[in-house]
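Residues per chain, in single letters:
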Amino acid sequence: MRNLRNIGLAAGLALSVSVSALSAYASEPTVPPAPTPFPAEGKINYVARDSILEFKALPQYHEPDWVTEKYVKTGKLPPVKDRLPKEPLVFKTGNMQDGIGVYGDTMRHVIGGRPEGWNYGAGQTQGWGGIDIGLSECLTRTAPLFQVEAKDTEPLPNLARSWDWSSDGHKLTMHLVEGAKWSDGVAFNADDVMFYWDDEVVDPNVSPLNGATQETFGVGTTLKKIDDYTVEWTFKEAFPKQYLYAMAYGTFCPGPAHILKPQHPKYSKNTYDQFKNAFPPEFMNMPVMGAWVPVEYRPDDIIVMRRNPYYWKVDEKGNQLPYLNELQYKLSTWADRDVQAVAGSADFSNLEQPENFVASLKRAAEANAPARLAFGPRLIGYNLRMNFSANGWGNPDERGQAVRELNRNEDFRKAVTMALDRKALGDSLVKGPFTAIYAGGLSSGTSFYDRDSTVYYPFDLEGAKAELAKAGLKDTDGDGFVNFPAGTAGGKNVEVVMLVNNDYTTDKSLAEGVVAQMEKLGIRVVLNGLNGTQRDASQYSGRFDWLVRRNDQELTSVVQNTEQLAPVGPKTSWNHRAPESGEVDLMPFEKDLVDIVNKFVSSEDNDQRASLMKQFQKISTEHVYNVGLTEYPGALIINKRFSNIPQGTPIFMFNWAEDSIIRERVFVAADKQAKYELFPEELPGKPGDKGPMD
Ligand code: GLA
Ligand code: CA
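Every value quoted in this text rests on a predicted model; they were computed, and no experiment measured them.

**Q** Give me the lowdown on the side chain of T435, citing residues and values where you can.
**A** Inspection of the secondary structure puts T435 in the loop between helix 14 (422-429) and helix 15 (461-470). Judged by relative accessible area, which is 13%, T435 ranks as buried. Excluding its chain neighbours within four sequence positions, the residues that come into contact with T435 are R378, G426, D427, V430, T630, E631 and Y632.

**Q** Account for the pairing of strand 7 (residues 171-176), with residues named and values stated.
**A** A regular strand carries its side chains on alternate faces of the sheet. The pairing of strand 6 (residues 160-165) with strand 7 spans five bridges and is classified as antiparallel. Following the sheet pairing, S162 is matched in strand 7 by H175. What sits between strand 6 and strand 7 in their antiparallel hairpin is a turn of five residues, with G169 showing a positive phi close to 80°. In this structure, strand 7 lies alongside strand 9 (residues 230-234), joined through five bridges in antiparallel fashion. Counterpart to M174 in the pairing with strand 9 is V231.

**Q** Could you give an account of the UniProt feature "domain: Solute-binding protein family" (unreviewed entry) in the chain, with specific residues and numbers?
**A** Within this structure's numbering, the places UniProt gives as "domain: Solute-binding protein family" (unreviewed entry) are residues 155-550. Each end of residues 155-550 is marked by a C-alpha atom, and these two atoms are 24 Å apart; helix forms 27% of the span and strand 21%.

**Q** Any details on the site of ligand 1? Residues and values, ideally.
**A** Near ligand 1 the following residues occur: W128, G129, G130, W334, R337, N350, E352, Y504, R550, W656 and E658. Residue E352 places a side-chain N or O atom 2.6 Å away from an oxygen atom belonging to ligand 1. Here an oxygen atom of ligand 1 and a side-chain polar atom of Y504 are 2.6 Å apart. Calculation on ligand 1 without its partners gives an accessible area of 310 Å², and the protein chains cover 95% of this total. Per-class residue counts for the shell around ligand 1 are four nonpolar, three polar and four charged.

**Q** Describe the pattern of salt bridges, listing the residues and the values that go with them.
**A** The tally for this structure, following the rule as stated, stands at 41 salt bridges. We note a salt bridge from R141 to E664, for which the minimum N-O separation is 2.7 Å. With R141 in strand 4 (residues 140-141) and E664 in the loop between helix 21 (657-660) and strand 23 (667-668), this pair connects stretches of sequence that are 523 residues apart. An identical accessibility class is assigned to R141 and E664; each is buried.

**Q** Provide a residue-level description of the coordination of the calcium ion (ligand 2), including the pertinent values.
**A** Looking at the calcium ion (ligand 2), one finds its protein donor set to be D475 (OD), D477 (OD), D479 (OD), F481 (O), N483 (OD1) and N493 (OD1), positioned 2.2 to 2.5 Å from the metal centre. In the primary structure, the donors to the calcium ion (ligand 2) are separated according to the pattern D-x1-D-x1-D-x1-F-x1-N-x9-N. With D475 in the loop between helix 15 and strand 17 (495-501) and N493 in the loop between helix 15 and strand 17, this residue pair connects regions lying 18 residues apart in the sequence.

**Q** Explain the environment of N45 to me, and be specific about the residues and the numbers.
**A** Position of N45 among the secondary structure elements: in the loop between helix 2 (19-26) and strand 1 (53-55). The class for N45 is partly exposed, based on a relative accessible area of 46%. Separated by 45 residues in sequence, N45 and V90 place their C-alpha atoms 20 Å apart.

**Q** I'd like to hear about the state of the cysteines, residue by residue, with values.
**A** Taken as a whole and assessed by the stated rule, the structure comprises one disulfide. With its sulfur 2.2 Å from that of its partner, C138 forms a disulfide with C253. Disulfide C138 to C253: torsion about the S-S bond roughly 85°, handedness right-handed. Here C253 lies in the loop between helix 7 (243-246) and helix 8 (257-260) and C138 lies in the loop between helix 5 (131-135) and strand 4, a separation of 115 residues in the sequence. On the accessibility criterion, C253 (8% relative accessible area) is buried.

Conventions and cut-offs
Residues numbered from 1 in each chain as written. Chains lettered and ligands numbered in written order. Predicted model: local features only at pLDDT ≥ 70, side-chain atom pairs only at ≥ 80, totals over all residues. Heavy atoms only, no water. Helix = DSSP H or I, 4+ residues; strand = E, 2+ residues; numbered from the N terminus. Buried < 20%, exposed > 50% of the residue type's maximum accessible area, 1.4 Å probe, protein only. Contact = heavy atoms within 4.5 Å. Pairing = 2+ DSSP bridges. UniProt positions renumbered as here; feature names shortened; annotations may be inferred. Near = heavy atom within 4 Å. Polar contact = N/O pair within 3.5 Å; in protein donor to acceptor, adjacent residues only side chain to side chain. Areas by Shrake-Rupley, 256 points an atom, 1.4 Å probe, with all protein chains shown as cover. Nonpolar A, V, L, I, M, F, W, Y, C, P; charged D, E, K, R; others polar. Salt bridge = Lys/Arg side-chain N within 4 Å of Asp/Glu carboxyl O. Donors = N, O, S within 2.8 Å, 3.2 Å for Na, K, Ca; no water. Disulfide = S-S within 2.5 Å.

Put into structure tokens, the structure is as follows:
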């Protein structure tokens, strides 16, 4: 019977069976229907980890001619060899799709976010879309691992050029790149790393943009400076190699201590708020370790970034990177990013909003199309998350508290997940073979996904209503919406406030779909639509009942941001954190999830790790830790004039494609170069000065 029903559902035959005949079985959990195969278009050329880069001195170094002529010969800059570290990071030619590049041109990005300022370490966004990725360099790097053979997968060296483990595995010594400089020429060293750790990560009054806390690196983990180019980690567990991923983009990208420290409350009279806001978007030439430096900002118009003359990476011929002189960020909308990229008035987009798939595919298929468009695996997904804190995170009022109690009730969660018609949700975004039924838990595109370990509650409205009744909810006043039991929140209608990011069409469409489907169940959901920055603030401070969230790396790669899979620390989960004072009030199944994640983090055995993630998936989906909505593949859109774009780059896996394509090695062949640079032959000026050097 079970098998028959699965086949029926998968083939859409369920429609021909009467609802009553089906309902006796329909609420029985099963595995999700097998998704329509969607072959990724670009085949990835898998490589060994050590074939990508190395650190070494080269006999000579080069830079764009105009830099030598205009800046070195006039004494404004030291010669290139003196601006580079003793042993720069060298990208190996064999791993570069089109080989050694040439200098020139710009990459024109479009984003829907807006910059709050340049203080990433204190939690400010620069507007996303890869701006911060272009400015930041982190201890390790993981984005390019999408092309590394699975058995060889370990984060790549970056600011940490190498590391060694103590024999007991509790200490990790990291050697920083020696002689590298910030974009203003000041030395980068262990003090920058320690400032980030002590005064941003560990200081409870500061939270870096992607939410790094001490627990991100393991409960009880410490870090200390050994000398200017050596730092030492101490972990409670032995050989927790997993934390090397937390040292990559997002959570360990130190800012310039020489600029930040004088503004930090520990070393100044500033408040924490003043520290956070000390570098507003108008503050130009913020020192960075990344390949480009912000030199121009016009509100709601554009941010322009120019090449960092102190960048510490080169190609095998000794050409200082980046090849591209400029990055532009037009401040528009995310939907406009797709439109402009396929039209050729911009250069890059992660095609991630299915509403734009059909039009983009059509344009990209035309013979004169300016851009390439290639789909990857089904790694873009959305889930609904319920706030599980019943002990005060986000200070809920009486109604909010009553909703939290419901969220913690498994019958209630089952009712919600069973009332979702995921086929209809997916089809409302785009028709065709793109969207698939997503039960929740890990994305089906990750290597850790196991369909047989995934518990799926098929769409069954009657069954859902029965679950709701089990949770004690009845419509006592007959208006179609269930009420809280008498004595709870005044016996009023259950009203759930759902947080949603208004910057994305897809987030809004899905949220509206959920509202309509919940109405049929008898639950009134009210949308709280905010722009990305405000939405993040509400989420981080726990001010939501439910939220719609695009899947993050913990679900698409598992090894990146692993601690976000469960409440392993007070602030690691998206939907269950500790209040200001207090602990996370874990439910029993969450305790199991936490144990599994902790075991996963400290295990080095690949078979054991795979089996732990199967257990994770089973418990997480069976108890509905998050509610899957839909998942689909995304496509990278990139203008055809660019070279060195690795084939098959997924738009999202360990990180976003802006990092995975390794922009510092991307170039435009001489005969294809366009005159798009807004500040030709200019370099960044002094920190805080307006505009480029002259
Ligand atoms: C936003 C966009 C993504 C990607 C990231 C990079 O989230 O939606 O496609 O560009 O920024 O941080
Ligand atoms: Ca009612």
